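Per-entry structural report
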Amino acid sequence: MHRFFVNPDQINHEAIYISGEDFKHITKVLRLGKGETIEVCDGHGLDCLVVLETPMDGTIIGTITKTTPSKGETSDLSVTLFQGLPKGSKMEVIIQKAVELGVNRIVPFQSKRSVSQIKEKKDKKIERWQRIAYEAAKQSKRGIVPVIGELIDLKGLLQESDSFDLFLLAYEDEKKQTLKEVLTGFSQRLKKPLNIGVIVGPEGGFDPQEVSLCQLAGAKSVSLGNRILRTETAGMVVLSQLNFWREG
Ligand code: SAH
C-alpha cells in the first residue's frame, strides 16, 4: 500500500488533508482517487488507514478508518548517531542506511581529522540530507522521520552527553572493551525507554586527545572487533547490534 507522511496540522479528527507534492503524487502519478485506501503516518509513530475522497482544488481529503502504532518504531530505544563528517557523498549513504536501521537522529560533526568541509551553503546540504532521511523513512515504513542535526564540533557534541543513558564511542584503537561487553553489562540495569548516543569518527579516526575528552564526558569507548571498518560501516554495525540486543 502507498504510504505518506503528514504533519499533525493536516489531521483534523477523522479527516486528513493532503496537498502539495503528495497531492500530485497521489492523483497524477499513482492516479488514486475516491474509495481507494492509502496508509498515512503522522510522523509521531501512528499509522492511519485512510480512504480517499474525490480530489478537489489541489487537495485530497481522506477519512481515517483505522489507526495502529507504526510497526517500524520500537518505543524502548532512541538512538542518536554522531557521525564524523565523511568525504564526498558518503553521508548520504550513511543517512539512508541508518534510517533503515532505526536511528532517531543523525548529527554530523567536524573533528581534528575530518578531511571534509561543507562547501556549499550549509543549510542546503542539511536540507538535502533531511530529504534523504524522509525518503528512507517512507521506504522503510518508519513511524517517524529521523532528524538530521546541524554540523557541530566535538565540544558541542559533548555538551549533550548528560542526556544519554548510554553514550558510546566507537574507537578503532580500543583494546579493552567491546560493544558486546558493554551492552551485556548494561542489560541488568535496563530501564526503558533508553536514550543512546553513538559517536563514530571520520575516515581519519580519532585523535587520542579527543578520545580522552569523550571519556571524561562519560562516553564508553568500545571496539567493534579486530578489523578496521570504514566510517560508513561502523555506525551500521553499532545500530544493527543495538537492534539485536534490544530484541534479545
Ligand atoms: N584511520 C583509522 C580508522 C578510522 S575508521 C585507522 O586507520 O586506524 C573510522 C571510524 O570508524 C573510527 O573512528 C571508529 O569510530 C569506527 N571504527 C572503525 N573500525 C572500528 C573498530 N574496529 N572498532 C571500533 N570503532 C571502529
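All values derive from a computational prediction rather than experimental measurement.

Here we look at the sheet that holds strand β3 (residues 15-18)
- Pairing is mixed across the open sheet formed by six strands, whose spatial order is β1-β4-β5-β6-β3-β2. With partners counted over all chains shown, the strands left at the sheet margins are β1 (3-5) and β2 (11-12), one partner each.
- With five bridges connecting them, strand β4 (residues 37-41) and strand β5 (residues 46-52) associate as antiparallel partners. Bridging from a neighbouring strand, Glu39 pairs with Leu49 of β5.
- Along the sheet, helix α1 (residues 20-29) makes contact with β1, β3, β4, β5 and β6 (60-69), crossing β1 at roughly 165 degrees.

What to know about the side chain of Asp42
- When you line up the elements, Asp42 lands in the loop between β4 and β5.
- Despite its burial, Asp42 pairs with no opposite charge; the closest candidate is Arg3, at 7.9 Å N-O.
- In terms of polar contacts, Asp42 uses its side chain to reach the backbone amide nitrogen of His44, at 2.7 Å.
- With residues near it in sequence (within four places) discarded, Asp42 still touches Val6, Pro8 and Ile11.

Points about the site of the ligand
- Among the 19 residues in the neighbourhood of the ligand, the closest are listed as Ala170, Glu172, Leu224, Arg227 and Leu229.
- Residue Gly225 places a main-chain N or O atom 3.0 Å away from a nitrogen atom belonging to the ligand.
- Calculation on the ligand without its partners gives an accessible area of 560 Å², and the protein chains cover 84% of this total.
- Looking at the shell around the ligand residue by residue, the classes come out as 10 nonpolar, six polar and three charged.

A closer look at the domain arrangement of the chain
- With domains assigned, the chain is organised as domain 1 (3-69) and domain 2 (77-247).
- Taken over C-alpha atoms, the centre of domain 1 sits 33 Å from the centre of domain 2.
- With 10 residues of domain 1 in contact, the opposing surface of domain 2 contributes eight residues.
- Summed over both sides, the interface between domain 1 and domain 2 buries roughly 660 Å², with carbon and sulfur atoms accounting for 54% of that surface.
- When residues of domain 1 are sorted by the area they lose upon contact with domain 2, Arg3, Phe5 and Gly43 head the list and together hold 72% of the total.
- Joining domain 1 to domain 2, the criterion identifies zero salt bridges.
- Inspection of the domain 1/domain 2 interface yields three residue pairs in polar contact (both at pLDDT 80 or more).
- Those elements giving two or more residues to the side of domain 1 that touches domain 2 turn out to be β1, α1 and β4.

Some thoughts on the packing of aromatic side chains
- The final tally for this structure, using the stated rule, is seven aromatic pairs.
- When the centroid spacing of 6.3 Å and the interplanar angle of 75 degrees are considered together, the rings of Phe82 and Phe167 count as edge-to-face. On the criterion of sequence distance, the pair formed by Phe82 in strand β7 (residues 77-84) and Phe167 in strand β11 (residues 166-170) is long-range, its members being 85 residues apart.
- Exposure remark for Phe82: the relative accessible area of 0% places this residue in the buried category.
- With relative accessibility at 4%, the residue Phe167 sits in the buried group.
- Feature note: the residues Phe82, Phe164 and Phe167 constitute an aromatic cluster, connected by ring pairs.
- Geometry around Phe5 places Arg3 over its ring, the cationic atom sitting 5.8 Å from the centre.

Rules of the game
- Residues numbered from 1 in each chain as written.
- Predicted model: local features only at pLDDT ≥ 70, side-chain atom pairs only at ≥ 80, totals over all residues.
- Heavy atoms only, no water.
- Pairing = 2+ DSSP bridges.
- Helix = DSSP H or I, 4+ residues; strand = E, 2+ residues; numbered from the N terminus.
- Contact = heavy atoms within 4.5 Å.
- Axes fitted to C-alpha atoms, helices over the stretch in contact; angles between N-to-C directions.
- Buried < 20%, exposed > 50% of the residue type's maximum accessible area, 1.4 Å probe, protein only.
- Lys, Arg positive; Asp, Glu negative; His and termini not counted.
- Salt bridge = Lys/Arg side-chain N within 4 Å of Asp/Glu carboxyl O.
- Polar contact = N/O pair within 3.5 Å; in protein donor to acceptor, adjacent residues only side chain to side chain.
- Near = heavy atom within 4 Å.
- Areas by Shrake-Rupley, 256 points an atom, 1.4 Å probe, with all protein chains shown as cover.
- Nonpolar A, V, L, I, M, F, W, Y, C, P; charged D, E, K, R; others polar.
- Domains from an automatic or database assignment.
- Buried area = accessible area lost by both parts, 1.4 Å probe.
- Phe/Tyr/Trp six-rings, centres within 6.5 Å; stacked < 30°, edge-to-face > 60°.
- Lys NZ or Arg CZ within 6 Å of the ring centre and 35° of its normal.

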